[in-house]
Each structure stands twice: as C-alpha cells, then as structure tokens.
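The chain contents come next:
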Amino acid sequence: RGIKPGLVCSSELYYDRGNHHEFVSLVKDLARPGEFTQSQTFDFEFTHVEKPYESYTGQNVKLRYFLRATVSRRLNDVVKEMDIVVHTLSTYPELNSSIKMEVGIEDCLHIEFEYNKSKYHLKDVIVGKIYFLLVRIKIKHMEIDIIKRETTGTGPNVYHENDTIAKYEIMDGAPVRGESIPIRLFLAGYELTPTMRDINKKFSVRYYLNLVLIDEEERRYFKQQEVVLWRKGDIVRKSMSHQAAIASQRFEGTSSHGEAKTPSQPSENNGRQ
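This one's a predicted model, so the numbers in the text were calculated from it and none came from an experiment.

Here's the deal with the overall build of the protein chain
(1) Moving on: Scanning the protein chain from terminus to terminus reveals one helix and 15 strands.
(2) Moving on: Counting across all 273 residues of the protein chain, residues that qualify as buried make up 35%.
(3) Moving on: Summing over all exposed atoms, the protein chain offers an accessible surface of approximately 18100 Å²; the carbon and sulfur share of this is 47%.

Now the structure itself:
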C-alpha cells in the first residue's frame, strides 16, 4: 500500500503512559502500492524543519525527535523508528546581572552571598563569595548544591520532582565574623541541560543553587536561588582562526634572543574552514 517516512517530535509524561503529545509531525509518500521482489533504496529529505525544543529525558517526562518509516500493508503495517538528538544552541545573554542577597537569623547569623552571574552556559564556572557579618551559632559545614526541578502536568495534576545534581563543599569548620569564603564551581563535570520553561504547556526544567549551612547539632540552614542555564554553540570564527595562525607563526619564529621574526604572509586558505 506504500512507504512513508516521517519526522516526529513528541513528549510523553510517565504518569500518563501511552498518550504521546506530538509537536512536529511531517510525513511523505515514497512509493506507490506494489510488491517488493528485491532490495530497494529510497531517498528522502525533510528541509527547513523547525525544531523548537531540545531533546530531554527526565524523571517524569521525555521529549524525543525520531524518524519513523512505515510500510503500509493490508493486514498490519511494518514500522521502524530511529531516535535523533536535537540540541538548542543559544547566544550569550546581553543582560546577565550578578546575584546579591542577604540572609540570616535574627541575632544569630547574618551573611551576604554573591554569584557573579545569573545565567550560565553548560561549560561555565560559577564564581562567587560568602561574607559573614554575624556568627553566633557553631557552624560545622557549608556546601552549595545544584538542584534540578522538573515540573510536569497542569492545574491540579502538577508534579514537582527535585534532583540534587551536585554537592560541593565550600567550607569545613566554624567561620568568624568578617570572614569571606570564595566559591568556584565548574559546571562541565555535571550532566546538565538548558533551562526549559513551559514546553508546549507540558513541562518545565529549572535549576537552583542551594546554599546549605549545617551546625554542630545537625540543624540545616539553606537559601535557594534560581539560575538560568543555556547551551553555548562551539562556533570558531574565521577571523579568530586567522589570528591563531599568525600567533603560531610568531611563536615558532621567535629567536633564542627573544626577538620575534616578521611572520610570512598567510596563504589564501588561512582562516578558512
């Protein structure tokens, strides 16, 4: 009855298994009805396809893109699927202000903390500091956690799932008044995705930095702050490649007396990709 390739993007909520919500669905006819007597190859192409969301597999939801080939037959169809992964690349945010907050307990604890930015790409470094203005409790330990919060469903059927992605110790021992504790947390070593907000009104994924203080009686004090994560595209500009070639020539041409030789003129292919 025919052969049809399809490109599909759909989401599946795990508590609602069997119901797939399709965002993108493109189908083409490849062959007319007939019989196969030998192996055949069919070429197809989906051009200018909008892929608005990033592939995602979470604890309660999955968003997937896949190619589906369907051979229609009278009794039952033959269907084969192959998943593809889509990454959504972003540019550097123009507005990326720092985060500054004061938290504490009256007459017991007063601290200021600061993070250098509010938006980070997935290979970025979180730089910050904790400043103790008042310390009248015996703090034993302090850490910073990265928490992923996955929200699925709508209305009364909303589910929140928190997952602690990382725990990073930033202090061991009791601080004193006036002490400043630096923070430097590298994100590249953790499995993170970009922040996803209200994807087709089905789910959201948000990230929080959770500052946790634990005293000698194992009481916990914490403060959460949301940060935005985004995926940075690894694009090498031609002009940068050209500059790198010149710098390499200068380095190799430096004499033993520290005098740099004049680099030769680059060829026509320098700086091209």
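Observations regarding the side chain of Arg 64
(1) Moving on: Mapped onto the fold, Arg 64 is located in strand E4 (residues 61-72).
(2) Moving on: A distance of 3.3 Å separates the side chain of Arg 64 from the side chain of Glu 81, its partner in a polar contact.
(3) Moving on: At a separation of 2.8 Å, a polar atom in the side chain of Arg 64 contacts the side chain of Asp 83.
(4) Moving on: Apart from residues lying up to four places away in sequence, Arg 64 is in contact with Val 8, Cys 9, Ser 10, Glu 81 and Asp 83.

Comments concerning the environment of Ile 214
(1) Moving on: Secondary-structure assignment places Ile 214 in strand E14 (residues 203-215).
(2) Moving on: As a C-alpha pair, Ile 214 and Lys 138 span 76 residues in sequence and 8.7 Å in three-dimensional space.
(3) Moving on: Excluding residues that lie within four positions of it along the chain, Ile 214 makes contacts with Ile 139, Lys 140, His 141, Arg 219 and Arg 220.

Notes on the nonpolar core
(1) Moving on: In this structure, Tyr 115, Ile 130, Phe 132, Met 142, Leu 211 and Leu 213 are the most contacted members of the largest nonpolar core, which totals 47 residues.
(2) Moving on: Counting residues per element, this core draws most heavily on E14, which supplies six residues.
(3) Moving on: Residues from two domains meet in this core; each of domain 1 (3-84) and domain 2 (99-230) gives at least three.
(4) Moving on: Excluding residues within four positions of it along the chain, Met 142 makes contact with Ile 130, Phe 132, Glu 169, Ile 170, Met 171, Ile 181, Leu 211, Val 212 and Leu 213.

Overview of the pairing of strand E7 (residues 109-115)
(1) Moving on: Taking every second residue as pointing to the same face, the buried face of E7 carries Leu 109, Ile 111, Phe 113 and Tyr 115, while none of His 110, Glu 112 and Glu 114 on the other face is buried.
(2) Moving on: As judged from the seven bridges shared by strand E6 (residues 99-105) and E7, these two strands associate in the antiparallel manner. Looking at the pairing, Ile 105 lines up with Leu 109 of E7.
(3) Moving on: Counted between consecutive antiparallel strands, the loop separating E6 from E7 contains three residues, among which Asp 107 sits at a positive phi close to 65°.

Observations regarding the sheet that holds E7
The strands making up a sheet associate through backbone hydrogen bonding, with each pair oriented either parallel or antiparallel.
(1) Moving on: The four strands are arranged E6-E7-E9-E12 in an open sheet whose pairing can be described as antiparallel. Of all the strands in the sheet, just E6 and strand E12 (180-186) have a single pairing partner and so form its edges. When the angles between neighbouring strand axes are averaged without regard to direction, this sheet yields 20°.
(2) Moving on: Inspection of the sheet shows E7 paired to strand E9 (residues 125-135) by seven bridges, in the antiparallel sense. Note that in E9 the partner of Phe 113 across the bridge is Ile 130.

A short note on the pattern of salt bridges
One side chain can pair with another of opposite charge once the charged atoms of both are near each other.
(1) Moving on: Under the counting rule described, the total for this entry stands at 10 salt bridges.
(2) Moving on: Across the pair Arg 231 and Glu 54 runs a salt bridge whose closest N-O atoms are separated by 2.5 Å. Taken together, the residues Arg 231 in the loop between strand E15 (220-230) and helix H1 (238-252) and Glu 54 in the loop between strand E2 (20-27) and strand E3 (56-57) connect sequence positions 177 residues apart.
(3) Moving on: Among the residues examined, Arg 231 registers a relative accessible area of 16% and is labelled buried.
(4) Moving on: Its relative accessible area of 6% is what places Glu 54 among the buried residues.
(5) Moving on: Salt-bridge contacts for Glu 81 lead to Arg 64; the nearest nitrogen and oxygen are separated by 3.3 Å. With Glu 81 in strand E5 (residues 78-84) and Arg 64 in strand E4, this residue pair connects regions lying 17 residues apart in the sequence.
(6) Moving on: A relative accessible area of 34% places Glu 81 in the partly exposed class.
(7) Moving on: Given a relative accessible area of 18%, Arg 64 falls into the buried group.

A short note on the side chain of Asn 96
(1) Moving on: Here Asn 96 shows up in the loop between E5 and E6.
(2) Moving on: The class of Asn 96 is buried, set by a relative accessible area of 16%.
(3) Moving on: Within the structure, Asn 96 has its side chain in polar contact with the backbone nitrogen of Ser 118 (distance 3.1 Å).
(4) Moving on: Excluding anything up to four places from it in sequence, Asn 96 contacts Lys 117, Ser 118 and Lys 119.

Thresholds applied
Residues numbered from 1 in each chain as written. Predicted model: local features only at pLDDT ≥ 70, side-chain atom pairs only at ≥ 80, totals over all residues. Heavy atoms only, no water. Helix = DSSP H or I, 4+ residues; strand = E, 2+ residues; numbered from the N terminus. Buried < 20%, exposed > 50% of the residue type's maximum accessible area, 1.4 Å probe, protein only. Areas by Shrake-Rupley, 256 points an atom, 1.4 Å probe, with all protein chains shown as cover. Polar contact = N/O pair within 3.5 Å; in protein donor to acceptor, adjacent residues only side chain to side chain. Contact = heavy atoms within 4.5 Å. Core = buried A, V, L, I, M, F, W, Y, C linked by side-chain atoms within 4.5 Å. Domains from an automatic or database assignment. Pairing = 2+ DSSP bridges. Axes fitted to C-alpha atoms, helices over the stretch in contact; angles between N-to-C directions. Salt bridge = Lys/Arg side-chain N within 4 Å of Asp/Glu carboxyl O.

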